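Reading the structure
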There are 4 protein chains.
Amino acid sequence: MPFRAHLKVRFGDIDHAGIVYYPRFLHYFHVALEEFFSEVVGIEYHTVINEQRFGLPSVHLEIDFRRPLRFGDRIDVELRGLELGNTSVTWRYVVWKQDGSLAAEATIVTVGMDMDSYAKRELPPWLREKLAAYGASVAAPAAAPAS
Amino acid sequence: MPFRAHLKVRFGDIDHAGIVYYPRFLHYFHVALEEFFSEVVGIEYHTVINEQRFGLPSVHLEIDFRRPLRFGDRIDVELRGLELGNTSVTWRYVVWKQDGSLAAEATIVTVGMDMDSYAKRELPPWLREKLAAYGASVAAPAAAPAS
Amino acid sequence: MPFRAHLKVRFGDIDHAGIVYYPRFLHYFHVALEEFFSEVVGIEYHTVINEQRFGLPSVHLEIDFRRPLRFGDRIDVELRGLELGNTSVTWRYVVWKQDGSLAAEATIVTVGMDMDSYAKRELPPWLREKLAAYGASVAAPAAAPAS
Amino acid sequence: MPFRAHLKVRFGDIDHAGIVYYPRFLHYFHVALEEFFSEVVGIEYHTVINEQRFGLPSVHLEIDFRRPLRFGDRIDVELRGLELGNTSVTWRYVVWKQDGSLAAEATIVTVGMDMDSYAKRELPPWLREKLAAYGASVAAPAAAPAS
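Residues numbered from 1 in each chain as written. Chains lettered and ligands numbered in written order. Predicted model: local features only at pLDDT ≥ 70, side-chain atom pairs only at ≥ 80, totals over all residues. Heavy atoms only, no water.

1. Some points on the overall build of chain A
Along chain A, the regular secondary structure elements total three helices and eight strands. Its helices and strands in sequence order give chain A the pattern β-α-α-β-β-β-β-β-β-α-β, from N to C terminus. In terms of its C-alpha atoms, chain A occupies a principal-axis envelope of roughly 60 × 35 × 30 Å. Across the 147 residues that make up chain A, the buried fraction comes to 58%. Here the analysis covers contacts within chain A between residues at least 6 apart in sequence; of these, 67% occur between residues at least 24 apart. Considering chain A, the positive charge centre built from 16 side chains and the negative charge centre built from 19 side chains are found 4 Å apart. (Helix = DSSP H or I, 4+ residues; strand = E, 2+ residues; numbered from the N terminus. Buried < 20%, exposed > 50% of the residue type's maximum accessible area, 1.4 Å probe, protein only. Contact = heavy atoms within 4.5 Å. Lys, Arg positive; Asp, Glu negative; His and termini not counted. Charge placed at Lys NZ, Arg CZ, Asp CG, Glu CD.)

This is the structure we're talking about:
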């Protein structure tokens, strides 16, 4: 079963058009990621950043907004279809409304970063293992140059 | 010359990793859109929504994050490469740092919406004209079915 | 037992100083208020606003910040010491950290508002009853002018 | 003439009640503070934090909300009535609407903090001088104990 974070749309998430302000979706995704680390990876994301000095900033994202969300909506943010590179993790988020309809789908590519040097860093083995156990696929490595 | 909104990265835009929290980029794009209506379209976006009862919610977006932004950075958000459909406007945003380097690039597809019924609505002619005058290209209509 | 909403400090709540950005405390209070309506008053706050056309905007607030909050902190936001006027509710919020220390204390005065006319409106009897049952005290009415 | 920061109420500042979400006022105050450092103190606030390792977190605040703000409102945030202690600065913010009416008034007490140790720190002389030149009054020191 893919992991789902259960969230509520809050009073302050709404914009002048009466629906969820679109940047809030990205906040929901990040909250879901934090819960995913806590419940699936088994380590708090703040511990990863603060103690392991490892972070996962976004380098690319795509979102399809299917249905607007309103104040009081209860949503599930599902994480699935993860893909692992040497330094990257690609996450797929699906936002479900309480009636089972789809509110949004997103793909977010994050890259491992050293929190001290801000340089790119390979995924630590413990994270790679946990994500593989969750069903993440491994991106094919670039072909080695023919010799 | 494409329109550029001049913004500053604020103290509260920063996240636990010490860089701009990625949803804030979407907020910057919306602020740039509001300024674009004010300065290029010649009508305030709140007037469009409140009096013309017309809005432009996002249905799809893609962002490439090129360089992180930090507190105190001055940025230019450029709008260019607009594309018009019957009911849609596609916007391209480029975020420039003060040193001329690229911080982010985004494509956001918005769809005309009636603010009372929340139904899809064709772009009003005055908006179509203004965006065409700004250089927006017109998307080829879908081929009519052969009779 | 006073009601407590259980919240987590999120990655995006942090500011450039590495602690929770102070406006987020007000957001936490509002989220706690929404939970209080749901669990104690027995009606969702969005239903109160949307169907009963009744809202409770803030007219005055005071906050003492006792200890900074950091990413990953789990907090309890307690509501107690409520006071009822004819049109007003005064709420007291206490923010507790997981170690039992105090992060913040606040008093927020809200006033009943008609959501259509934006005019001041008396507290509905059902709300007055629920808040009294929760232990809210009734503010002494202003003395009638001597005749 | 007291300093005024000129701001606009943005689409995303609005909440489900159709007016500015009350935590945004605190964000407006912080933005005004950043502009005040830039224009009056003559040093960017991010430089103060990053290079001088000095910050001014809030320890107490009071706000009176006089009139709601709506999307499209242009506001002036005025800073006046500053008061200096040994380690504290008290700021008074007044939010004016374009029609000259008052939207909000606030008093915020901030305390000098060392950004490395998070310990309390005296106001640096250059800041004390600049704020005094702006008209800040000096709080009477606590009486020395009689010997």
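Structure shown, so let's carry the discussion forward.
2. Describing the relation of the copies chain A and chain B
In screw terms, the move from chain A to chain B is a rotation of 180° and a rise of 0.0 Å along the axis, fitting with an RMSD of 0.0 Å. The transformation relating the two chain copies, once decomposed into turn and shift, fits a two-fold axis. Taken as a fraction of all interface residues of chain A, those also at the interface in chain B reach 100%, which identifies the copy contact as same-surface. (Least-squares fit on C-alpha atoms with pLDDT ≥ 70 in both.)

3. What to know about the interface of chain A and chain B
On the side of chain B, 25 residues touch chain A, which itself brings 25 residues to the contact. Counting the contacts that link chain A with chain B gives 16 residue pairs in polar contact (both at pLDDT 80 or more). Broken down by secondary-structure element, the contributors of at least two residues to the side of chain A that touches chain B are helix 1 (23–41), helix 2 (45–50) and strand 3 (58–65) of chain A. In terms of residue count, strand 3 of chain A provides more of the side of chain A that touches chain B than any other element does, eight residues in total. Residue classes in the side of chain A that touches chain B are distributed as 15 nonpolar, seven polar and three charged. Bridge count for strand 3 of chain A against strand 3 (residues 58–65) of chain B is five bridges, and the pairing is antiparallel. (Polar contact = N/O pair within 3.5 Å; in protein donor to acceptor, adjacent residues only side chain to side chain. Nonpolar A, V, L, I, M, F, W, Y, C, P; charged D, E, K, R; others polar. Pairing = 2+ DSSP bridges.)

4. Looking at unusual backbone geometry
One non-glycine residue, A:Y118, adopts positive backbone phi at about 60°. On the secondary structure map, A:Y118 appears in the loop between strand 7 (113–114) and helix 3 (125–133).

5. What about the interface of chain A and chain C?
Each side of the interface is counted separately: chain A has 18 residues, and chain C has 17 residues. For the pair chain A and chain C, the summed buried surface comes to about 1,500 Å²; carbon and sulfur atoms form 52% of the total. Summed over the shared surface of chain A and chain C, the number is eight salt bridges. Between A:K8 and C:E35 there is a salt bridge; the shortest N-O distance is 2.8 Å. (Buried area = accessible area lost by both parts, 1.4 Å probe. Salt bridge = Lys/Arg side-chain N within 4 Å of Asp/Glu carboxyl O.)

6. Overview of the packing of aromatic side chains
A complete count under the given rule lists 60 aromatic pairs over all chains for this structure. A ring pair is formed by B:F11 and D:Y45, whose centres lie 6.1 Å apart and whose planes are at 50°; its orientation type is tilted. Separated into two different chains, B:F11 in the loop between strand 1 (3–8) and helix 1 (23–41) and D:Y45 in helix 2 (residues 45–50) make up a pair that spans both. B:F11 gets classed as buried once you look at its relative accessible area, which sits at 6%. According to the relative accessible area criterion, D:Y45 is buried, its value standing at 3%. Judged by centre distance (6.0 Å) and plane angle (50°), the rings of B:Y21 and C:F11 are tilted. Taken together, the residues span two chains, with B:Y21 in the loop between strand 1 and helix 1 and C:F11 in the loop between strand 1 (3–8) and helix 1 (23–41). An identical accessibility class is assigned to B:Y21 and C:F11; each is buried. Lying over the aromatic face of B:Y118, A:R70 brings its terminal NZ or CZ to 4.4 Å of the ring centre. (Phe/Tyr/Trp six-rings, centres within 6.5 Å; stacked < 30°, edge-to-face > 60°. Lys NZ or Arg CZ within 6 Å of the ring centre and 35° of its normal.)

7. What about the pattern of salt bridges?
This structure, assessed with the given rule, holds 52 salt bridges over all chains. Where C:R24 meets C:D13, a salt bridge forms, and the shortest distance between an N and an O atom there is 2.8 Å. Taken together, the residues C:R24 in helix 1 and C:D13 in the loop between strand 1 and helix 1 connect sequence positions 11 residues apart. By relative accessible area, which is 2% here, C:D13 ends up buried. For D:E78, the salt bridge identified is with D:R4, shortest N-O distance 2.9 Å.

8. Regarding the pairing of strand 3 of chain B
The sheet contact formed by strand 3 of chain B and strand 6 (residues 102–111) of chain B spans seven bridges and is antiparallel. In the sheet register, B:H60 faces strand 6 of chain B, and the bridge partner there is B:V109.

9. Some remarks on the relation of the copies chain A and chain C
Least-squares fitting of chain A to chain C yields an RMSD of 0.0 Å, with the superposition described by an axial translation of 0.0 Å and a rotation of 180°. Counting the interface residues of chain A, we find that 94% of their copies in chain C are interface residues as well, pointing to one common contact surface.

10. A few points about the packing of helix 1 of chain C against helix 3 (residues 125–133) of chain C
Residue and element names in this part refer to chain C. With their axes 11 Å apart at the nearest point, helix 1 and helix 3 run at an angle of 85° to one another. Classified by the angle their axes make, helix 1 and helix 3 are roughly perpendicular. The segment helix 1 lies against helix 3, with F36, F37, V40 and V41 engaging W126, L127, K130 and L131. The class makeup of the residues in the contact of helix 1 with helix 3 is seven nonpolar, no polar and one charged. (Axes fitted to C-alpha atoms, helices over the stretch in contact; angles between N-to-C directions. Parallel < 35°, antiparallel > 145°, perpendicular 65-115°, else oblique.)

11. Some remarks on the packing of helix 1 of chain C against helix 1 (residues 23–41) of chain D
Two elements in contact, helix 1 of chain C and helix 1 of chain D, have axes separated by 8 Å at closest approach and are oriented at 180°. Taken together, the axes of helix 1 of chain C and helix 1 of chain D lie roughly antiparallel to each other. Of the residues in helix 1 of chain D, those touching helix 1 of chain C at C:P23, C:L26 and C:H27 are D:P23, D:L26 and D:H27. For the contact of helix 1 of chain C with helix 1 of chain D, a count of residues per class yields four nonpolar, two polar and no charged.

12. Examining the pairing of strand 6 of chain B
Where burial is concerned, most of strand 6 of chain B is hidden: eight out of the 10 residues are buried. Two successive antiparallel strands, strand 5 (residues 88–97) of chain B and strand 6 of chain B, enclose a turn made up of four residues, where B:G100 displays a positive phi of approximately 85°.

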